[in-house]
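Architecture at a glance
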Amino acid sequence: MMPASWWQSGVIYQIYLRSFQDSNGDGIGDLRGITKRLSYLAELGVDAIWMSPIYPSPMADFGYDVSDYCDVDPRFGTLADVDDLLAQAHARGLKVLLDFVPNHTSDRHPWFAESRSSRSSPKRDWYLWRDPAPGGGPPNNWISDFGGSAWEWDEASGQYYYHAFLKQQPDLNWRNPTVQGVMHDVMRFWLNRGVDGFRIDVLWHLIKAADFPDNPPNSAYTPALGEMDRLLQLRSTDQPEVHGIAARMRALAEDYRAAGQGERLLIGEIYLPVERLMRYYGEDRPGVHLPGNFQLIETPWQARSLAVLIAAYEAALPPGAWPNWVLGNHDRPRVATRLGESQARVAAMLLLTLRGTPTLYYGDELGLSDVPIPPGQVQDPRELRQPGKGLGRDPVRTPMPWDDSAHAGFSTAAPWLPLNADWPARNVARQSAEPGSMLALHRRLLAARRTHPALAIGDFALLDAEDDMLAYERRHGAERLIVALNLGARPQRLALPDWAHGCRPLLSTLADSVPAQDGTLLLRPNEGVVLTTAD
Ligand code: NOJ
Ligand code: CA
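Residue positions are counted from 1 within each chain, in the order its sequence is given. Chain A is the first chain written and ligand 1 is the first ligand written, with later ones labelled in order. Per-residue local features of the predicted model are confined to residues with pLDDT of at least 70, and side-chain atom pairs are confined, for both listing and counting, to 80 or more; whole-chain, interface and lining totals are unaffected and use all residues. Remark: hydrogens and water are excluded; side-chain values derive from all non-hydrogen atoms of the structure.

Concerning the overall build of the chain
To keep it simple, the criterion reads: Strands are runs of DSSP state E lasting at least two residues, helices are runs of H or I lasting at least four, and both sets are numbered from the N terminus onward. For a compact globule the rule gives 2.2 Å times the number of residues to the power 0.38, and the radius of gyration it is set against comes from C-alpha atoms. Residue exposure (1.4 Å probe, protein chains only): buried if accessible area is under 20% of the type maximum, exposed if over 50%, otherwise partly exposed. Here, two residues are considered to be in contact whenever any of their heavy atoms come within 4.5 Å of each other. We count Lys and Arg on the positive side and Asp and Glu on the negative side, and we leave His and both chain ends out. Positions of charges follow a simple convention, taking NZ of Lys, CZ of Arg, CG of Asp or CD of Glu.
A count of helices and strands for the chain gives 16 helices and 18 strands. Relative to its length of 535 residues, the chain is compact, with a C-alpha radius of gyration of 24 Å against a globular reference of 24 Å. Projected onto the principal axes, the alpha-carbon positions of the chain cover approximately 80 × 55 × 50 Å. The 535 residues of the chain split such that 61% are buried. In the chain, 68% of the contacts between residues at least 6 apart in sequence involve partners at least 24 apart. Side-chain charges of the chain comprise 52 positive and 65 negative groups, with the mean position of each set lying 1 Å from the other.

Focus on the packing of helix H12 (residues 341-353) against helix H15 (residues 438-451)
Convention followed: For helices, the fitted line uses only the C-alpha atoms of the stretch in contact; every axis is such a line through C-alpha atoms, and the angle between N-to-C directions lies from 0 to 180 degrees. Orientation is classified from the angle alone, with under 35 degrees giving roughly parallel, over 145 giving roughly antiparallel, 65 to 115 giving roughly perpendicular, and any other angle giving oblique. Rotating anticlockwise by less than a right angle from the far helix to the near helix defines a left-handed crossing, while the corresponding clockwise rotation defines a right-handed one. Gly is placed with the polar residues, together with every amino acid not listed as nonpolar (Ala, Val, Leu, Ile, Met, Phe, Trp, Tyr, Cys and Pro) or charged (Asp, Glu, Lys and Arg).
H15 packs onto H12 with a crossing angle of 20 degrees between their chain directions and a minimal axis gap of 10 Å. Comparing the axis directions of H12 and H15 gives the class roughly parallel. Regarding H12 and H15, the two cross each other, and that crossing is right-handed. Along its contact with H12, which presents Ala344, Arg345, Ala348, Met349, Leu352 and Thr353, the element H15 presents Met438, Leu441, His442, Leu445, Leu446 and Arg449. The residue makeup of the contact of H12 with H15, split by class, is 8 nonpolar, 2 polar and 2 charged.

Side note on H12
Stated formally: To estimate how far a helix should reach, multiply one less than its number of residues by 1.5 Å.
For H12, built from 13 residues, the straight-helix expectation of 18 Å at 1.5 Å per residue is met to within 8% by its first-to-last C-alpha distance of 19 Å. By the criterion of burial, H12 is predominantly enclosed, with 11 of the 13 residues buried. Burial in H12 covers these residues: Gln343, Ala344, Arg345, Val346, Ala347, Ala348, Met349, Leu350, Leu351, Leu352 and Thr353.

Topic: helix H4 (residues 79-91)
This is how it is decided: Our arc is simply the arc of the directions from the helix axis toward the C-beta atoms.
Helix length check: H4, at 13 residues, gives a terminal C-alpha distance of 18 Å against a target of 18 Å (1.5 Å per residue), a fit within 8%. What H4 keeps buried is the set Asp81, Val82, Leu85, Leu86 and Ala89. Angular distribution of buried residues about the axis of H4 spans 140 degrees; they occupy a single face of the element. Along its buried surface, H4 packs onto helix H2 (31-36), helix H3 (38-44), strand S2 (48-51), strand S3 (95-100) and helix H6 (177-193).

Observations regarding the side chain of Asn173
Here is the rule: Side-chain atoms alone can form a polar contact between residues adjacent in sequence; in general such a contact is a pair of N or O atoms within 3.5 Å, and within protein one must be able to donate a hydrogen while the other accepts it.
With respect to the secondary-structure elements, Asn173 resides in the loop between strand S6 (159-162) and H6. At 2.9 Å, the side chain of Asn173 and the backbone oxygen of Asp125 are in polar contact. The contacts of Asn173, once residues within four sequence positions are left out, are Asp125, Trp126, Tyr127, Leu128 and Val179.

With respect to the coordination of the calcium ion (ligand 2)
In plain terms, the rule: Coordination here is defined by N, O and S atoms within 2.8 Å of the metal (3.2 Å for Na, K and Ca), and since water is not considered, a site can look incomplete.
At the metal site, the calcium ion (ligand 2) is ligated by Asp22 (OD), Asn24 (OD1), Asp26 (OD), Ile28 (O) and Asp30 (OD), and these contacts range over 2.3 to 2.4 Å. Of note, the donors binding the calcium ion (ligand 2) are all from one chain and are spaced D-x1-N-x1-D-x1-I-x1-D. Asp22 sits in the buried class, given a relative accessible area of 4%.

Focus: unusual backbone geometry
With phi around 35 degrees, Val202 is a residue other than glycine that occupies positive phi space. Given the relative accessible area of 5%, Val202 is considered buried. For Ala408, which is not a glycine, the phi torsion comes out positive at approximately 60 degrees. Ala408 gets classed as buried once you look at its relative accessible area, which sits at 0%.

As structure tokens, this is what we get:
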């Protein structure tokens with residue numbers, strides 16, 4: 001086997017920038033805040049961080065509406081702060097990924113102002129402008145992911161523009177070669193500064209069907225769902241030409257490797273069924289290194305369903321493709337809320353012992369839950385536009401609780417979103433001192449990945465998926481490990497394969513470990529165990 005790359009053996013830690021650490025007392029997290037907390041991340045044992053967008057932005061969608069791709073929003077810091085963060089992270093062996101938002105800009109980006117100024121503007125074609133439908137009204141039935149028509153009428157120039165998200169986020173026209181060129185320049189701007197790669201926002205959205213046909217209705221729609229779910233986004237997303245776009249981005253990243261400047265990683269944010277997801281690894285030419293795999297967020301938490309999903313995902317991977325797993329992010333409910341606190345520990349073990357690169361969402365290492373946001377404090381435009389449907393993302397974006405000092409050590413001022421109610425007890429300082437804490441479990445799991453290549457890069461084989469038991473093997477060279485997870489609240493028994501008789505516990509999600517006896521491992525309720533056959 002080839003030696004693994006850093007992005008294969010490593011663990012990525014996702015930081016929601018506004019909520020990680022404030023350094024200047026305005027209640028909003030910033031770059032210097034992250035730099036201050038790098039030692040925490042290094043001690044935790046992760047290998048790379050990716051942070052939500054840092055660019056100047058009117059913040060209609062909290063940075064996913066970019067008004068200048070080559071600068072830093074003053075609320076987050078300066079370019080010098082980025083350089084300092086990169087230098088200090090690299091000195092600790094940590095890689096740094098930015099969030100690249102190529103699908104849309106802010107409506108206040110000078111490009112859009114120019115595009116909007118007239119039909120004959122040289123930048124008119126940088127965005128998606130269309131005439132009204134023949135009978136009047138929007139050009140087609142496409143719905144914004146945040147609700148409402150995805151078309152906004154521009155009275156002055158007499159056309160509609162397309163926005164997959166807010167109307168303040170007009171979509172760029174990625175079929176235009178000039179747009180491609182300037183966005184490639186943006187990527188180089190950051191890569192030349194030393195950034196180790198990008199998480200690419202909504203990669204599967206970049207190309208829409210050329211003739212803008214209607215999306216078909218979704219027969220599974222119910223009013224409890226968001227309005228976007230009325231339709232299947234079959235025409236507005238995931239068009240074949242997107243793979244050429246991804247391949248060109250990959251080629252650009254590969255230039256750095258060829259020049260001896262290290263491997264620069266591209267992770268695509270893509271919510272698609274597995275078969276279509278796999279195409280983003282590339283077909284004739286390599287695509288992104290890691291098309292984001294969000295299935296653990298979306299699959300029922302049952303041993304059988306998980307086993308089927310893992311097996312199907314592994315089987316669908318194209319030759320040479322490296323897997324990846326995600327348990328939570330800034331758009332979806334937190335794992336502790338979805339599964340409960342006890343099972344979240346088992347989920348952490350799953351995330352950090354499956355084959356493939358894990359992404360750990362900040363705060364999940366403390367077992368943070370979704371924080372209820374009082375109506376007057378709602379910030380997320382998604383919640384404000386479609387209230388009460390549980391679509392809001394503020395609850396999963398609350399400040400990191402560091403200690404039990406004022407504002408949990410996150411800021412010297414009231415934070416932009418409320419803290420978790422239990423912050424005086426659930427915080428980094430407290431959990432650092434408790435050997436049985438969720439944080440301590442994460443540190444142990446991350447340390448085990450470093451000392452056991454079987455966990456970081458080994459082969460995977462499913463052993464058992466019955467009742468609430470999910471068990472698998474990880475193997476590298478002479479080392480064979482067993483991971484056994486009890487996904488329920490009743491004890492479970494695993495009959496060990498012959499080769500594993502005599503194995504010993506390496507790690508349990510509970511405080512102590514119970515050895516296997518007579519070829520049988522007994523798992524306590526909500527317990528996960530890693531067993532090793534090494535002496
Ligand atoms: C996906 C991001 O993860 C989400 O937070 C954002 O609102 C949309 N893309 C629009 O950029
Ligand atoms: Ca700040």
